[in-house]
Amino acid sequence: MYDLSNVVITSSPHIKSSEDTRSIMLDVVIALIPSLCVSTYVFGPRAIVMTLVSIIACVLFEAAYDKILKKPSTIGDLSAVVTGTLLAFVVPVTLPYWMLIIGAGISMIFAKCLFGGLGKNFINPALAGRAFLMASWPVAMTTWVAAHGSVSLGSTADAVSVATPMAILKGTSDDTLPSLLNMFLGQIGGSMGEVSALALLVGGAYLLYRKVITIHIPAAYILTVAVLTLIAPTGGLSNIQSMLYNVFGGGLMLGAIFMATDYVTSPVSKKGQVVFGIGCGLLTFMIRKWGGYPEGVCYSIMIMNCTVWLIDKYTRPTKFGAPAKQKKEG
């Protein structure tokens, strides 16, 4: 006789996979390593310290929340590590550590844990933390250090500041635009997540190879910005130059590959993901061209995060083999 006491009976189909939340998050961390390496070369060891401070703060905030509310510990899934890394990537490397820690608290407690934890938050936690920091300390959040400038591990008061390519395109700075090659390889000032388009593309290729993400959102997002800036150039540049600077500059690559593709805050269906990516691209273009802020990736993704429920509602697939009437109703 067979012992069936421990058999769990569930409905079909029964598909087993070795993937889990931890393995997916680990792949994202691995994909971000090339950008961290380039940032360390450009900004020095402070880039690594900023990332570690952000990660440790995010993990401790999540652990404290679980402990206080007597919930099972969730720090082992590495989602806090990903949030901490991404938060460090979207702030200036000269940001004071205490501000970064506050941003980590907002990301973990208010944007993630209070909504029920991983899988229940409706906006990207790292972007929520960045938006809070931007609203609270706009000067510190818009002070960028020049590439290969002297950035100490302690005080950054003597660091040489520089305007980002997006600010130059916006006309808020008289600085000279860096070459497209420097923007692509990573020889410009800015946040860690925007200094090298090449490093981000390498990470994105790894995520596509590992099937952690699909091409739909990044392609729709980047192509939308590319087409719109080609048609309506900015900064007095030619159409092609405008397109390339807008694609390689700012946080577009980081946002399209690592932020907008977040499982929890993006649509489920492929059609919905394309709609989501196009919406992010449209908003990014409008903010960059007509808004008072030179960069629009953060707010574009957060706004589109709030529409995911609506996109999912109207792009959900109908049941296989359903009659025409049910397909129309669906």
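Residues numbered from 1 in each chain as written. Predicted model: local features only at pLDDT ≥ 70, side-chain atom pairs only at ≥ 80, totals over all residues. Heavy atoms only, no water.

Peer 1: Which residues make up the overall build of the chain, and what are the values?
Peer 2: Broken down by element type, the chain carries 16 helices and two strands. A total of 330 residues make up the chain; the buried ones form 50% of that total. Counting only contacts in the chain whose residues sit at least 6 apart along the sequence, the fraction spanning at least 24 positions is 72%. Accessible surface for the chain amounts to roughly 16,400 Å². Of this, 67% is attributable to carbon and sulfur atoms. (Helix = DSSP H or I, 4+ residues; strand = E, 2+ residues; numbered from the N terminus. Buried < 20%, exposed > 50% of the residue type's maximum accessible area, 1.4 Å probe, protein only. Contact = heavy atoms within 4.5 Å. Areas by Shrake-Rupley, 256 points an atom, 1.4 Å probe, with all protein chains shown as cover.)

Peer 1: Tell me about the nonpolar core, and please be specific about residues and values.
Peer 2: Judged by nonpolar contacts, the single largest core of 82 residues is most densely connected at V91, Y221, L254 and F258. Residue contributions to this core peak at eight residues, all from helix 1 (residues 21–43). The contact partners of Y221, leaving out residues within four places of it in the chain, are L252, G255, A256, A260, G277, C280, G281, T284, V297, S300 and I301. (Core = buried A, V, L, I, M, F, W, Y, C linked by side-chain atoms within 4.5 Å.)

Peer 1: Describe the packing of helix 1 against helix 9 (residues 197–209), with residues and values.
Peer 2: Relative orientation of the contacting elements helix 1 and helix 9 amounts to 165°, with a least axis distance of 8 Å. With respect to helix 9, the element helix 1 is oriented roughly antiparallel. Handedness of the crossing formed by helix 1 with helix 9: right-handed. From helix 1, D27, V28, I30, A31, P34, S35 and V38 reach across to helix 9, where they touch A199, L200, V202, G203, Y206 and L207. Residue composition of the contact of helix 1 with helix 9, grouped by class: 10 nonpolar, two polar and one charged. (Axes fitted to C-alpha atoms, helices over the stretch in contact; angles between N-to-C directions. Parallel < 35°, antiparallel > 145°, perpendicular 65-115°, else oblique. Left-handed = near helix turned anticlockwise from the far one by under 90°. Nonpolar A, V, L, I, M, F, W, Y, C, P; charged D, E, K, R; others polar.)

Peer 1: Break down the state of the cysteines for me, citing the residues and quoting the values.
Peer 2: Taken as a whole, this structure holds zero disulfides when the rule is applied. Between C58, a free cysteine, and C113, which holds the nearest cysteine sulfur, the sulfur-to-sulfur gap is 9.7 Å. Look at C113 and you get buried, because its relative accessible area is 5%. (Disulfide = S-S within 2.5 Å.)

Peer 1: Can you break down a nonpolar patch on the surface residue by residue, with the values?
Peer 2: Residues I48, L52, I56 and L60 make up a contiguous nonpolar surface patch of about 370 Å² in total accessible area. Within the fold, L52 resides in helix 2 (residues 46–68). (Patch = residues over 30% accessible without salt bridge, like charges linked within 9 Å, V, L, I, M, F, W, Y side chains within 5 Å. Salt bridge = Lys/Arg side-chain N within 4 Å of Asp/Glu carboxyl O.)

Peer 1: Any details on empty space enclosed by the protein? Residues and values, ideally.
Peer 2: With the rule as written, the count across this model stands at one cavity of 30 Å³ or more. Volume-wise, the largest cavity comes out at about 40 Å³. Residue lining of the largest cavity: G193, E194, S196, A197, L200, F248, G250, G251, L252, M253 and L254, and that is the complete set. For the lining of the largest cavity, the secondary structure elements donating two or more residues are helix 9 and helix 12 (252–259). Ranked by the residues each element gives to the lining of the largest cavity, the list is headed by helix 12, at three residues. Considered class by class, the residues forming the lining of the largest cavity number six nonpolar, four polar and one charged. (1 Å grid on protein atoms, 1.4 Å probe; cavity = no way out; pocket = protein on both sides within 12 Å on 5 of 7 lines; lining within 4 Å. Points joined across faces, edges and corners; volume = space filled by probe spheres on them.)

Peer 1: I'd love a proper account of the environment of G236, names of residues and values included.
Peer 2: Of note, G236 is situated in the loop between helix 10 (216–231) and helix 11 (239–248). On a C-alpha basis, the gap between G236 and L169 in space is 8.0 Å, while along the polypeptide they are 67 residues apart.

Peer 1: Could you give an account of the packing of aromatic side chains, naming the residues involved and the relevant values?
Peer 2: With the rule as written, the count across this model stands at six aromatic pairs. Plain terms: the ring middles of F115 and F122 are 5.1 Å apart, the flat faces sit at 75° to each other, and that makes the pair edge-to-face. Taking relative accessible area as the criterion, F115 reaches 39% and is therefore assigned partly exposed. On the basis of relative accessible area, F122 is assigned to the partly exposed category, the value being 38%. Every member of this aromatic cluster is reached through a ring pair, and the members are W98, F132 and W137. (Phe/Tyr/Trp six-rings, centres within 6.5 Å; stacked < 30°, edge-to-face > 60°.)

Peer 1: Give me the lowdown on the pattern of salt bridges, citing residues and values where you can.
Peer 2: On inspection of all chains with the given rule, the structure shows three salt bridges. Measuring nitrogen to oxygen at the nearest pair gives 3.1 Å for the salt bridge that ties D27 to R210. With a gap of 183 residues between them, D27 in helix 1 and R210 in the loop between helix 9 and helix 10 connect regions that are remote in the sequence. The exposure class assigned to D27 is buried, which follows from its relative accessible area of 6%. In this structure, E295 and R288 form a salt bridge, with 2.9 Å as the shortest nitrogen-oxygen distance.

Peer 1: Could you give an account of helix 1, with specific residues and numbers?
Peer 2: Between its first and last C-alpha, helix 1 extends 32 Å over 23 residues, near the 33 Å set by a 1.5 Å rise per residue. Its maximal kink placed at I33, helix 1 deviates by approximately 35°, while the proline P34 follows within four residues. Those residues of helix 1 not exposed but buried are I24, M25, D27, V28, A31, L32, S35, V38, S39, V42 and F43. Buried residues belonging to helix 1 abut helix 2, helix 3 (79–89), strand 1 (144–145), helix 8 (180–185), helix 9 and helix 12. Backbone geometry just downstream of helix 1 places G44 in the positive-phi region, at approximately 90°. (Expected span 1.5 Å × (residues − 1). Bend = angle between axes of the 7 residues up to and from the residue.)

Without other data, these values stay purely geometric and don't point to any function.
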